[in-house]
Amino acid sequence: MAELLKLSGINKVYGEKIKTQVLFDIDLAFEAGSFNAVIGESGSGKSTLMNIMGTLDRPTSGEVVINGTKTASMTKDQLAELRNQTIGFIFQFHYLLPEFTVLENVLMPALIRKGRIDDRDKKRALELIDLVGLSRVKSNLATDLSGGQQQRTAIARSLINEPKIILGDEPTGNLDSQTTESIYTLLREINQEIKSTFIIITHDQRIAEKADRILEIKDGRINLDVDKYVAKTGGNA
Ligand SMILES: Nc1ncnc2c1ncn2[C@@H]1O[C@H](COP(=O)(O)OP(=O)(O)OP(=O)(O)O)[C@@H](O)[C@H]1O
Ligand SMILES: [Mg+2]
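All values derive from a computational prediction rather than experimental measurement.

*Asks:* Looking at this structure, I do not really get the overall build of the protein. What am I missing?
*Replies:* Per the secondary structure count, the protein includes 8 helices and 10 strands. Computed over its C-alpha atoms, the radius of gyration of the protein comes to 18 Å, within 12% of the 18 Å expected for a compact globule of 237 residues. For the C-alpha atoms alone, the extent of the protein along its principal axes is close to 45 × 40 × 40 Å. In the protein, which comprises 237 residues, the proportion classed as buried is 38%. For the protein, restricting intrachain contacts to residue pairs at least 6 apart in sequence, the fraction spanning at least 24 positions comes to 70%.

Shown next, in the form of structure tokens:
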């Protein structure tokens, strides 16, 4: 079985003088191609855990292995390169570049990766824009979009480098329930189409129920781990 992302013995302590431990001895592995939901109360440690998974933050102790690569001793630059090649991020606040169009925003990670854009990138970007239903507004500036359209742009952007792993921290947190529903349907389709592994923090119970696996974080520990993916595929995905 292919473990794309593995966390072992992860602890996280914030603060210098007053130390607060927010994650405790977390061991987790994610299968390639799986769709995972992370739930838990506010302050339970979900974002902290996701930032560590995505190497945006380092654990106080423990190990993060991404696609077979141990990250602990990597430099900032090496981590940035690993992220750019392996991980797509979708956040609640999507950080689009306001002075650029939808198409330019979607192309940005490819530009960062290679230093230039070729026709193939452009074709791929247009396909992704079509996939998320934004062809009509592809030349709009990011500021001239609705909240849902901005979110879709961020999703297309997270996919341009065809990342093996997509991390979402409440990607639909500020959207209405209908838009939320359609964005999750879209993420699921992408998951099935390009076999990316999704790990998504969500407050929405209905969304979590559609995932292959639900992880509940409580007070910095894994409180619940319901894995329908292994049952469905026998772990041979
Ligand atoms: N940079 C930081 N310094 C100190 N404490 C922090 C820091 N970031 C988060 N915390 C604390 O760590 C705990 C976990 O925070 P985290 O953001 O991971 O929670 P969460 O589960 O994502 O919550 P929410 O659902 O509200 O987003 C909280 O008690 C929070 O106050
Ligand atoms: Mg959070």
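*Asks:* Help me out: how do you make sense of the environment of asparagine 191 in this one?
*Replies:* One can find asparagine 191 in helix α6 (residues 177-194). Between the C-alpha atoms of asparagine 191 and aspartate 27, which are 164 residues apart in sequence, the distance is 24 Å. When near neighbours in sequence (up to four residues on either side) are disregarded, asparagine 191 contacts Phe35, Ser196 and Phe198.

*Asks:* Before we go on, may I ask you to explain the site of ligand 1 in this structure?
*Replies:* Surveying the vicinity of ligand 1 reveals the residues Tyr14, Gly15, Thr20, Val22, Gly40, Ser42, Gly43, Ser44, Gly45, Lys46, Ser47 and Thr48. Contributions of two or more residues to the shell around ligand 1 are made by β2 (20-31) and α1 (46-53). Taken together, the residues of the shell around ligand 1 break down into 2 nonpolar, 9 polar and 1 charged.

*Asks:* Mind showing me how you'd approach the sheet that holds strand β9 (residues 213-218) here?
*Replies:* To summarise the sheet geometry, strands pair through backbone hydrogen bonds and adopt either a parallel or an antiparallel arrangement. One open sheet accounts for 6 strands, arranged β6-β7-β8-β3-β9-β10; its pairing is mixed. Every other strand in the sheet has two partners, leaving β6 (87-91) and β10 (221-227) as the edge strands with one partner each. The mean angle between the axes of side-by-side strands here comes to 15°, regardless of whether they run parallel or antiparallel. As paired strands, β9 and β10 are joined by 6 bridges and run antiparallel to one another. The residue bridging lysine 218 from the neighbouring strand is arginine 221, located in β10. Packing of helix α5 (residues 147-159) onto the sheet brings it into contact with β6 and β7 (165-169), and relative to β6 it is tilted by some 170°.

*Asks:* Before we go on, may I ask you to explain the sheet that holds strand β5 (residues 69-70) in this structure?
*Replies:* Sheet architecture is open: 4 strands sit in the order β2-β1-β4-β5, paired in antiparallel fashion. The open sheet has two free edges, formed respectively by β2 and β5, since each of these has just one partner strand. Relative to strand β4 (residues 61-66), strand β1 (residues 3-14) is paired through 5 bridges, and the arrangement is antiparallel. Note that in β4 the partner of serine 8 across the bridge is glutamate 63. Sheet strands touched by α1: β1, β2 and β4. Its angle to β1, the strand with the most contacts, is close to 125°.

*Asks:* Help me understand the packing of helix α3 (residues 102-114) against α5 in this model?
*Replies:* Any two packed helices are characterised by how steeply their axes cross, that is the angle between the axes, and by the distance between the axes. Between α3 and α5, the shortest axis-to-axis distance is 7 Å and the interhelical angle comes to 30°. Considering how the two elements wind past one another, α3 and α5 form a crossing that is right-handed. For the pair formed by α3 and α5, the contact residues are Val102, Asn105, Val106, Met108 and Pro109 on the first element and Thr153, Ala156 and Arg157 on the second. For the contact of α3 with α5, the per-class residue count stands at 5 nonpolar, 2 polar and 1 charged.

*Asks:* Sorry, what's going on with the environment of serine 196 here?
*Replies:* Within the fold, serine 196 resides in the loop between α6 and β8 (197-201). With 23 C-beta atoms packed within 10 Å, serine 196 lands in the buried category. Separated by 116 residues in sequence, serine 196 and alanine 80 place their C-alpha atoms 19 Å apart. Beyond its immediate stretch of four places on either side in the chain, serine 196 contacts Pro163, Lys164, Ile165, Ile166, Ile190 and Asn191.

*Asks:* Is there a simple way to think about the packing of α3 against helix α4 (residues 119-131) in this case?
*Replies:* In the contact formed by α3 and α4, the axes pass within 10 Å of each other and the chain directions differ by 125°. Comparing their axes, α4 and α3 come out oblique. The handedness of the crossing between α3 and α4 is right-handed. Here Val102, Leu103, Val106, Leu107 and Ala110 of α3 lie close against α4, whose contacting residues are Asp121, Ala125, Leu128 and Ile129. Each residue belonging to the contact of α3 with α4 can be placed in one class, and the counts come to 8 nonpolar, no polar and 1 charged.

Reading the values: rules and limits
- Residues numbered from 1 in each chain as written.
- Chains lettered and ligands numbered in written order.
- Predicted model: local features only at pLDDT ≥ 70, side-chain atom pairs only at ≥ 80, totals over all residues.
- Helix = DSSP H or I, 4+ residues; strand = E, 2+ residues; numbered from the N terminus.
- Rg over C-alpha atoms; globule rule 2.2 N^0.38 Å.
- Buried ≥ 20, exposed ≤ 12 C-beta atoms within 10 Å, placed from the backbone.
- Contact = placed C-beta atoms within 7 Å.
- Near = placed C-beta within 6 Å.
- Nonpolar A, V, L, I, M, F, W, Y, C, P; charged D, E, K, R; others polar.
- Pairing = 2+ DSSP bridges.
- Axes fitted to C-alpha atoms, helices over the stretch in contact; angles between N-to-C directions.
- Left-handed = near helix turned anticlockwise from the far one by under 90°.
- Parallel < 35°, antiparallel > 145°, perpendicular 65-115°, else oblique.

The values reported here are purely geometric and, on their own, carry no functional implication.
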